[in-house]
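# Fold and geometry: a report
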Amino acid sequence: MIIETARFGEIEIEENNIIEFCSGLIAFEDLTRFALFDISENANFKWLQSIDKPQVAFLLVDPFTIKQDYYVDLSDELAEKLEVLIPEDVIVYTTVTVPKSGFKDATTNLVGPILINWRKKKAKQIICERENNLIKYPLLANKYMKLSYGG
Amino acid sequence: MLVLSRKIDEGIIIGDNIKIRVIAIEGNKVKLGIIANKDISIVREEILEAVKNENLSAGQIDDASLNWSIMVPQPEKK
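This text gives an overview of the structure that appears in the document. Just so it is clear, the structure is predicted and the values come from calculations on it, not from any experiment.

## Brief notes about the pairing of strand β3 (residues 18–21) of chain A
All names here are of chain A. Examined bridge by bridge, β3 and strand β4 (residues 33–39) share three bridges and lie antiparallel to one another. Each residue of the ladder has a partner; that of Ile19, found in β4, is Phe34. As paired strands, β3 and strand β10 (residues 122–125) are joined by two bridges and run parallel to one another. Counted as the bridge partner of Glu20 is Lys122 from β10.

Here it is as structure tokens:
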């Protein structure tokens, strides 16, 4: 199917690559279908594009590359909701917020990770409230990210 | 909004399965105990609000420096 995006124009995607968000993303509860795209310049990031609303897209990052001791608890209830059979089914991303001042000041939200069962294409954003988990965690505090950001 | 007065060790029950009890009151802080099924998510209101606001700003990136091109995923080989 062809989807419309505000940033990348029309993109053709396979329907079996559509990710279904149970109860949507917080504040975007009415949007449940998203597509996940790799970014050719940088493997640490992904684009999460709403299929139903072209203007809504998120830049996602692998939080474990940002904060090595980051972790997310996968409760039995959540595993059931996402139809997770083994923990390896789940990939975790956090959203990136880029302020007006530009990417150098970008932050990622460690309190609201997005869990995706890539096998079943089911996802959910959860609240992961913990000491040291910041809603605005600086993205470029980590040397590795500094080196790998080429854009 | 329904407003109820409760003392320490008193509680309220919401629906069939959610129990909330006042555990302690210290100054302007109230400690609540909550019993609910595990599939009921319980979060502090201001945390949810903060994540909501963060999602709203994260979902509208207009930084021109982010002109990364995307790779459309290929169907998985059966």
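## A short note on the pattern of salt bridges
Residue and element names in this part refer to chain A. Evaluation of the coordinates by the stated rule reveals 13 salt bridges over all chains. We note a salt bridge from Arg33 to Asp52, for which the minimum N-O separation is 2.9 Å. Of the two residues, Arg33 is situated in strand β4 and Asp52 in the loop between β5 (45–50) and β6 (57–61); the sequence distance between them amounts to 19 residues. The class of Asp52 is partly exposed, set by a relative accessible area of 37%.

## Thoughts on the sheet that holds strand β3 (residues 29–35) of chain B
All names here are of chain B. Across the sheet, which stays open at both edges, the three strands sit in the order β1-β2-β3 with antiparallel pairing between neighbours. Lying at the two open borders of the sheet, with one neighbouring strand each, are β1 (11–14) and β3. Going from strand to strand, the sheet's axes swing by 25 degrees on average, the running direction of each strand aside. Sheet topology note: the β1/strand β2 (residues 18–26) ladder contains four bridges and is antiparallel. From the neighbouring strand, Gly11 faces β2, where its bridge partner is Arg21.

## Here we look at the interface of chain B and chain A
Residue-level contacts link 32 residues of chain B with 46 residues of chain A. Both sides of the chain B and chain A interface together cover about 3,400 Å² of buried area, and 61% of this is carbon and sulfur. Considering only the surface of chain B that becomes buried against chain A, Glu54, Trp68 and Ile70 of chain B emerge as the three largest contributors, covering 24% of it. Inspection of the chain B/chain A interface yields two salt bridges.

## Considerations on the packing of aromatic side chains
Residues and elements named next belong to chain A. Per the stated rule, a full pass over the model turns up five aromatic pairs over all chains. Taking 6.0 Å as the distance between ring centres and 70 degrees as the angle between the ring planes, the aromatic pair formed by Phe45 and Phe103 counts as edge-to-face. Taken together, the positions of Phe45 in strand β5 and Phe103 in the loop between β7 (90–97) and β8 (107–108) put the pair 58 residues apart, joining distant regions of the chain. Its relative accessible area of 2% is what places Phe45 among the buried residues. Taking relative accessible area as the criterion, Phe103 reaches 3% and is therefore assigned buried. Lying over the aromatic face of Tyr71, Arg130 brings its terminal NZ or CZ to 3.7 Å of the ring centre.

## Remarks on the nonpolar core
Most often, soluble globular proteins keep nonpolar side chains buried together rather than apart. Residues and elements named next belong to chain A. Counting 36 residues, the largest nonpolar core has Phe45, Leu59, Phe103 and Leu139 as its most contacted members. For this core, the secondary-structure elements that each account for two or more residues are β4, β5, β6, α2 (76–81) and β7. One finds Ile19, Leu25, Phe34 and Phe58 within the second-largest nonpolar core, a separate group that totals 16 residues.

## As for the side chain of Thr94 of chain A
Residues and elements named next belong to chain A. For Thr94, the position within the fold is in strand β7. Polar side-chain contacts of Thr94 include one of 2.7 Å to the side chain of Thr108. Excluding anything up to four places from it in sequence, Thr94 contacts Leu59, Leu60, Val61, Pro63, Tyr70, Thr108, Asn109, Leu110 and Pro113.

## A closer look at helix α1 (residues 45–58) of chain B
Residues and elements named next belong to chain B. If you check α1, its first and last C-alpha atoms are 20 Å apart, about what 14 residues at 1.5 Å a residue would give, namely 20 Å. Those residues of α1 that fall on the buried side of the exposure criterion are Ile47, Val51, Glu54, Asn55 and Ala58. Here the buried residues of α1 occupy an arc of 100 degrees about the axis, which is enough to place them on one side. Within α1, the exposed residues directed more than 90 degrees away from the buried face are Glu45 and Glu46.

## Concerning the pairing of β6 of chain A
All names here are of chain A. Counting buried positions along β6 gives five out of five residues, so the element sits mostly inside the fold. Along β6, one buried face is formed by Ala57, Leu59 and Val61 and the opposite face, lined by Phe58 and Leu60, is buried too. Bridge count between β5 and β6: five bridges; the pairing is antiparallel. Residue Lys46 lies in a different strand from β6, and its bridge partner there is Leu60. Counting the residues between successive antiparallel strands, the hairpin from β5 to β6 contains six residues. The pairing of β6 with β7 spans three bridges and is antiparallel. When the bridges of β7 are listed, Leu60 appears paired with Thr95.

Cut-offs used in this document
Residues numbered from 1 in each chain as written. Chains lettered and ligands numbered in written order. Predicted model: local features only at pLDDT ≥ 70, side-chain atom pairs only at ≥ 80, totals over all residues. Heavy atoms only, no water. Pairing = 2+ DSSP bridges. Helix = DSSP H or I, 4+ residues; strand = E, 2+ residues; numbered from the N terminus. Salt bridge = Lys/Arg side-chain N within 4 Å of Asp/Glu carboxyl O. Buried < 20%, exposed > 50% of the residue type's maximum accessible area, 1.4 Å probe, protein only. Axes fitted to C-alpha atoms, helices over the stretch in contact; angles between N-to-C directions. Contact = heavy atoms within 4.5 Å. Buried area = accessible area lost by both parts, 1.4 Å probe. Phe/Tyr/Trp six-rings, centres within 6.5 Å; stacked < 30°, edge-to-face > 60°. Lys NZ or Arg CZ within 6 Å of the ring centre and 35° of its normal. Core = buried A, V, L, I, M, F, W, Y, C linked by side-chain atoms within 4.5 Å. Polar contact = N/O pair within 3.5 Å; in protein donor to acceptor, adjacent residues only side chain to side chain. Expected span 1.5 Å × (residues − 1). Arc of directions from axis to C-beta.

Keep in mind these values describe shape, not function.
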